[in-house]
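A look at the structure
Residues per chain are reported as follows:
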Amino acid sequence: MSAPQLRSLSLGAGVQSTCLLLLAAEGHLPGLDVAIFADTGWEPRSVYAHLDRIEREIAEPAGIPILRVSSGNIRDDALDPSKRFASMPLHILNPQGTEGLSRRQCTGQYKIRPIKEQARRLLGYPHPLRIPAGVFVEQWIGISVDEVHRAKDADVAYMKNRFPLLELGFSRADCLRLLRSRGFGETPKSACLGCPYHGNSQWRQLRDGSPEEWQDVVEFDHAIRKGNARATAQGTPLLGQAYLHRSRRPLDQAPIDRVTAHEWSGRQGDIFDAIADAELENGDADGCSPWACRSGSPVPDGFDLTA
């Protein structure tokens, strides 16, 4: 295979990708040219603060530019009836009492698309220019050995995925140990403030530690009860009701401090109980990963991410 035109890190600013940036900056993984952060416009303040810090303390001294790219503000777009919104995986309560989950398109629109667009620009072939065969970006992705099953090839020829943590045999625990040793032990999870995949611990952390952000997500939760604002404005509102919390109750009334009988219903076996309870409490370990979303269904095949 020919050599890449450049090497780029998909920087989510969570544990694994921050560890990769640090390894590259210290010369343990030489050859990184750039890091790309896809900004949904609705990340927690702690993530933006962490991103600023690692840019200042890790990337800039090593000469690694961090590029921030965006496809818009996911919160504003969801509530704007004039915008085509790529749906979040909202928890749906149907009129007959059954439960569902809306399609997850947000990762593709607000994470994957802007990274691909930036990769094209860096190669010198922005859409719709055709990229010649053999011209590609080597993209580093922070997948550790405890989630090796999430490592996948890129779906476009101009990007080739590489997983340096797998090559080094690093687990998430190894990444955490390295980060702690360098003073980055408080690396936050990277996920939208109002991600429906949050566990109760994340919701409590917002409520108890960041009242302004908590109020923001509570207001958003109330605003999305009928689903897509554009569809509602066009006369086709959601037949059921949409919620951020998996209990399908308003966020400010949701049982984020305890497990309800409803949430325990249907569980069988101690192992299943432990797994389900851990998911309910903790959500995903590292938040939203553009290339290996830890929850939900894959991005639908018909959703255009090739631009």
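Everything below is about the structure shown above.
So, here's what we can say about the structure. From a predicted model like this one, the values you see are computed outputs, not experimental measurements.

In this section: the overall build of the protein chain. The helix and strand tally for the protein chain stands at 11 helices and 8 strands. Going through the 307 residues of the protein chain one by one, you find that 51% of them count as buried. Of all intrachain contacts in the protein chain linking residues separated by at least 6 positions in sequence, the fraction that spans at least 24 positions is 69%. Approximately 14200 Å² of the protein chain is accessible, and the part contributed by carbon and sulfur atoms is 51%.

Attention now moves to the sheet that holds strand 7 (residues 159–162). Spatial ordering of the open sheet is given by 3-2-1-6-7, a layout of 5 strands whose pairing is parallel. Each edge of the open sheet carries a strand with a single partner, namely strand 3 (66–69) and strand 7. Between one strand axis and the next, the sheet turns by 30° as a mean value, whatever way the strands run. Examined bridge by bridge, strand 2 (residues 34–38) and strand 3 share 4 bridges and lie parallel to one another. In the strand pairing of strand 3, isoleucine 36 is matched with leucine 67. Running over the sheet, helix 2 (residues 45–62) touches strand 2 and strand 3 and is turned about 155° from strand 3.

Attention shifts here to the packing of aromatic side chains. Scanning the model with the defined rule gives 1 aromatic pair in all. Lysine 111 extends its terminal NZ or CZ atom over the ring of phenylalanine 37, reaching a point 5.6 Å from the ring centre. The ring of phenylalanine 136 carries lysine 160 above its face, with NZ or CZ at 5.8 Å from the centroid.

This paragraph deals with the nonpolar core. The biggest cluster of nonpolar side chains holds 29 residues, and the ones touching the most others in it are Leu9 and Leu21. Secondary structure elements with two or more residues in this core: helix 1 (15–25), strand 2, helix 2 and helix 6 (172–181). Ranked by residues supplied to this core, first place goes to helix 1 with 7 residues. The residues touching leucine 9, leaving out its near neighbours within four places in the chain, are Ser17, Leu20, Leu21, Leu32, Val34, Ala35, Ile36 and Trp140.

For the rest of this paragraph, the subject is the packing of helix 1 against helix 6. Closest axis-to-axis distance for the helix 1/helix 6 pair is 9 Å, and the angle between their directions is 55°. In terms of orientation, helix 1 and helix 6 fall into the oblique class. Our pair here, helix 1 against helix 6, has a crossing hand that is left-handed. Only Arg172, Cys175, Leu176, Leu178 and Leu179 of helix 6 make contact with helix 1, whose side of the interface consists of Val15, Gln16, Thr18, Cys19, Leu22 and Leu23.

We now examine the side chain of serine 171. Residue position: serine 171 is located in the loop between helix 5 (164–168) and helix 6. Among all residues touching serine 171, those that are not within four sequence positions of it are Ser144, Val145 and Asp146.

This paragraph deals with the state of the cysteines. Tallied over the entire structure, the rule returns 0 disulfides. Free of any disulfide, cysteine 19 has its nearest neighbouring cysteine sulfur in cysteine 175, separated by 3.6 Å.

Looking now at the environment of glycine 134. Locating glycine 134 in the fold gives a position in the loop between helix 4 (106–123) and strand 6 (137–140). Expressed as a C-alpha distance, the spacing of glycine 134 and glutamine 5, which sit 129 residues apart in the sequence, is 9.3 Å. Once you skip the residues sitting within four places of it in the chain, glycine 134 turns out to touch Ser2 and Gln5.

Let's shift gears to the pairing of strand 7. Burial along strand 7 is one-sided: the face carrying Met159 and Asn161 is buried and the face carrying Lys160 and Arg162 is not. Taken together, the 4 bridges between strand 6 and strand 7 define a ladder with parallel strand orientation. Its bridge partner lying in strand 7, tryptophan 140 is registered against arginine 162.

What counts, and at which threshold
Residues numbered from 1 in each chain as written. Predicted model: local features only at pLDDT ≥ 70, side-chain atom pairs only at ≥ 80, totals over all residues. Heavy atoms only, no water. Helix = DSSP H or I, 4+ residues; strand = E, 2+ residues; numbered from the N terminus. Buried < 20%, exposed > 50% of the residue type's maximum accessible area, 1.4 Å probe, protein only. Contact = heavy atoms within 4.5 Å. Areas by Shrake-Rupley, 256 points an atom, 1.4 Å probe, with all protein chains shown as cover. Pairing = 2+ DSSP bridges. Axes fitted to C-alpha atoms, helices over the stretch in contact; angles between N-to-C directions. Phe/Tyr/Trp six-rings, centres within 6.5 Å; stacked < 30°, edge-to-face > 60°. Lys NZ or Arg CZ within 6 Å of the ring centre and 35° of its normal. Core = buried A, V, L, I, M, F, W, Y, C linked by side-chain atoms within 4.5 Å. Parallel < 35°, antiparallel > 145°, perpendicular 65-115°, else oblique. Left-handed = near helix turned anticlockwise from the far one by under 90°. Disulfide = S-S within 2.5 Å.

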